[in-house]
Amino acid sequence: MAAALQAYELGVKDIVILERDNSLGGILNQCIHNGFGLHVFKEELTGPEYALRFSEKIKETNITVMLDTMVIGAEKDKTLYAVNPEYGFMVIKAKAVILAMGCRERPRGALRIPGSNCAGVFTAGTAQRFVNIEGILPGKKVVILGSGDIGLIMARRMTLEGIKVMGVYEIMEYPGGLTRNIVQCLDDYDIPLHLSETVVKIHGKGRITGVTTAKVDSNMKPIKGTEQYVECDTLLLSVGLIPENELSEQMGVGMYQVTGGPFVDQDLETDTEGVFACGNVLHVHDLVDYVTMEGQRAAMSAKAYLDKTLTEKKSAQKIAVVAGNGLRYVLPQHIYLKDTEEKIKIFFRSRARFREVYVRASVGDNVLTRRKLLRLIPSEMESVDIKMRDLLNTGSETNGIGDLVIEVEQ
Amino acid sequence: MTKENIMKKDIVCIVCPRGCTIQVNYDKNGIISMEGSSCKRGDEYARAEILSPTRMITSSVKIDNAKYTVCPVKTGAPVSKSKIFDVMEEIYKVRIKAPVQQGDVIIKDVCGTGADIIATQTFETES
């Protein structure tokens, strides 16, 4: 929605939003807790309120919104195949496409937890939809595996609805979610958080009756003799999100294994010309505000592409942006050099937890910028700003410009 | 006053990403000492957490004649942490009817907290 509105405001005439759900807003509609919008609106909103700010604005425009519409195929030339109950099968020929499909949750199958294949094992987001949209409680006694934010939020939500949350089990030695969620969702309700512990077996015939948990060693292997049986009728999984890129791949977009999203340049353009990506389909974000801003940026680039001001760039030198020491990934993954005064924001996530470190951006021996961070943890995305001018200045006549390395200083 | 009446609590500050652990010693008359914060805002947060912690509550109420069976709600202002389950009892009891507009007051001054329960979603009437 943010991308569509931005494109509209920039004067793009013919915009269509293809949405498979029956309303706009995606996952925000089931995220009824507050904490959204502090950056974009400077106030704390709930998910539905945040979504409504955009959908109300869209109503005032001539943007075409197609709900209940499933895009079932896409091609490199930006032809989309979609179906919905009103129009049946549709072929849409777009001049530019912004991918904003979001992500989905890692399911039980991705974890290979041994045990019986019984009912009562849900992803945290499925339980969230049951409770907050359908008004159905998933069970009475719940174990949560993984300490991602959705799991933590659901621990509180279910407690408020009278469900007993037995505990949250996290295989890593630190929690996956934000500190404020640990404090306000677990500590407030005395819900135990078990770090370096995981579920090793699921018990139950028909319906889950309990799980076996175990502590893990530094290689995340369960330690024999530490097993404990925990009775429950529901197991929630909050173990990570996977960008949903089947359509992107059909469009010939190159994929970056670490983020699970497309490779993009500084304009959020993918390997396929005129195809841009933003939000959780590109990389999983921790704040919706950043998703909104990324959507707006994608729209600005799409508008520039339609105006033919982006087409020149691919003849220029392309340099790689590399995740160096301590970092898991960077975004964008490459930059086309341009003789402009533009500023490039490079987002990154760390591999481990750091305290009071400098993160440096450099090309060869040239340090372009250093940023001090009081705390750098994998669950919180950070960024550094680079000036295109500084990047160009690292080159000499004999040598081109090398890779841009972003790293934690030793 | 005997030493046994002094209580200790470790508070993880959530004001900024630094995440200081603040050790607070207090008794029934108030805070005796605080240690471990790095700024004034952290001290204020810890003081509020000991003396009068508040939270926003978000939940849902039953709704009839709408696309779904529940409508999300929130407290219009943070309420005392000790009142959370009292407020939830009131939320359980309510049943509303579509149409409802985001921002509509569902319960006025819930449990005497001064905060209203407000709808956070808009639902048209559906047959």
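Residues numbered from 1 in each chain as written. Chains lettered and ligands numbered in written order. Predicted model: local features only at pLDDT ≥ 70, side-chain atom pairs only at ≥ 80, totals over all residues.

Colleague: Before we move on, can you summarise the packing of helix α1 (residues 2-9) of chain A against helix α8 (residues 288-306) of chain A with the specific residues and values?
Modeller: Residue and element names in this part refer to chain A. One way to put it is that α1 packs onto α8 with a least axis distance of 7 Å and a crossing angle of 40°. The angle between α1 and α8 places the two elements in the oblique class. Both α1 and α8 take part in a crossing whose hand is right-handed. Across from Ala-2, Ala-3, Gln-6 and Ala-7 in α1, the residues of α8 making contact are Thr-292, Gly-295, Gln-296, Ala-298, Ala-299, Met-300, Ala-302 and Lys-303. (Axes fitted to C-alpha atoms, helices over the stretch in contact; angles between N-to-C directions. Helix = DSSP H or I, 4+ residues; strand = E, 2+ residues; numbered from the N terminus. Parallel < 35°, antiparallel > 145°, perpendicular 65-115°, else oblique. Left-handed = near helix turned anticlockwise from the far one by under 90°. Contact = placed C-beta atoms within 7 Å.)

Colleague: Residues and numbers for the nonpolar core, please.
Modeller: All names here are of chain A. Among the nonpolar cores identified, the biggest contains 63 residues, and Ile-98 and Ile-406 are the most heavily contacted of them. Of the residues that make up this core, three or more belong to each of domain 1 (1-103 + 242-313) and domain 3 (316-410). Apart from the residues lying within four places of it in its own chain, the contact partners of Ile-406 are Val-321, Ala-323, Gly-324, Leu-327, Val-330, Ile-346, Phe-348, Val-359, Ala-361 and Val-384. (Core = buried A, V, L, I, M, F, W, Y, C linked by C-beta atoms within 7 Å. Buried ≥ 20, exposed ≤ 12 C-beta atoms within 10 Å, placed from the backbone. Domains from an automatic or database assignment.)

Colleague: Talk me through the sheet that holds strand β25 (residues 343-350) of chain A; I want residue IDs and the actual numbers.
Modeller: All names here are of chain A. Strand order in the open sheet formed by 3 strands is β23-β25-β28, and the pairing between neighbours is antiparallel. One side of each edge strand has no neighbouring strand; the edge strands of this open sheet are β23 (327-331) and β28 (382-387). Sheet twist, expressed as the mean angle between neighbouring strand axes with direction ignored, is 25°. In this structure, β25 lies alongside β28, joined through 6 bridges in antiparallel fashion. (Pairing = 2+ DSSP bridges.)

Colleague: How would you explain the packing of helix α4 (residues 124-134) of chain A against helix α5 (residues 149-160) of chain A if you had to name every residue and give the values?
Modeller: Residues and elements named next belong to chain A. Packing of α4 against α5 leaves a shortest axis separation of 9 Å and a crossing angle of 35°. At the point where α4 passes α5, the crossing takes the left-handed sense. Contacts between α4 and α5 involve Ala-124, Gly-125, Ala-127, Gln-128 and Val-131 from the first element and Ile-150, Gly-151, Met-154, Arg-157 and Met-158 from the second. Counted by class, the contact of α4 with α5 contains 6 nonpolar, 3 polar and 1 charged residues. (Nonpolar A, V, L, I, M, F, W, Y, C, P; charged D, E, K, R; others polar.)

Colleague: So what about α8(A)? Which residues, and what values?
Modeller: Every α-helix carries 3.6 residues per turn, so stepping three or four residues along brings you back to the same face. Residue and element names in this part refer to chain A. With 19 residues, α8 extends 27 Å between its outermost C-alpha atoms, agreeing within 8% with the 27 Å of an ideal straight helix rising 1.5 Å per residue. Along α8, the residues classified as buried are Val-288, Val-291, Thr-292, Glu-294, Gly-295, Ala-298, Ala-299, Ser-301, Ala-302 and Tyr-305. Contacts from the buried residues of α8 go to α1, β2 (34-36), α2 (47-59), β8 (97-99) and β21 (275-277). Directly after α8, the chain includes Lys-308, whose backbone phi takes a positive value near 70°. (Expected span 1.5 Å × (residues − 1).)

Colleague: Pulling in residues and values, what's your account of the confidence of the model for chain B?
Modeller: If pLDDT is low for a region, its predicted coordinates should not be looked at in detail. In the predicted model, chain B carries a mean pLDDT of 91, and the fraction of residues at 70 or more is 96%. The complex model carries a pTM of 0.91, and its ipTM stands at 0.87. (pLDDT = per-residue confidence, 0-100.)

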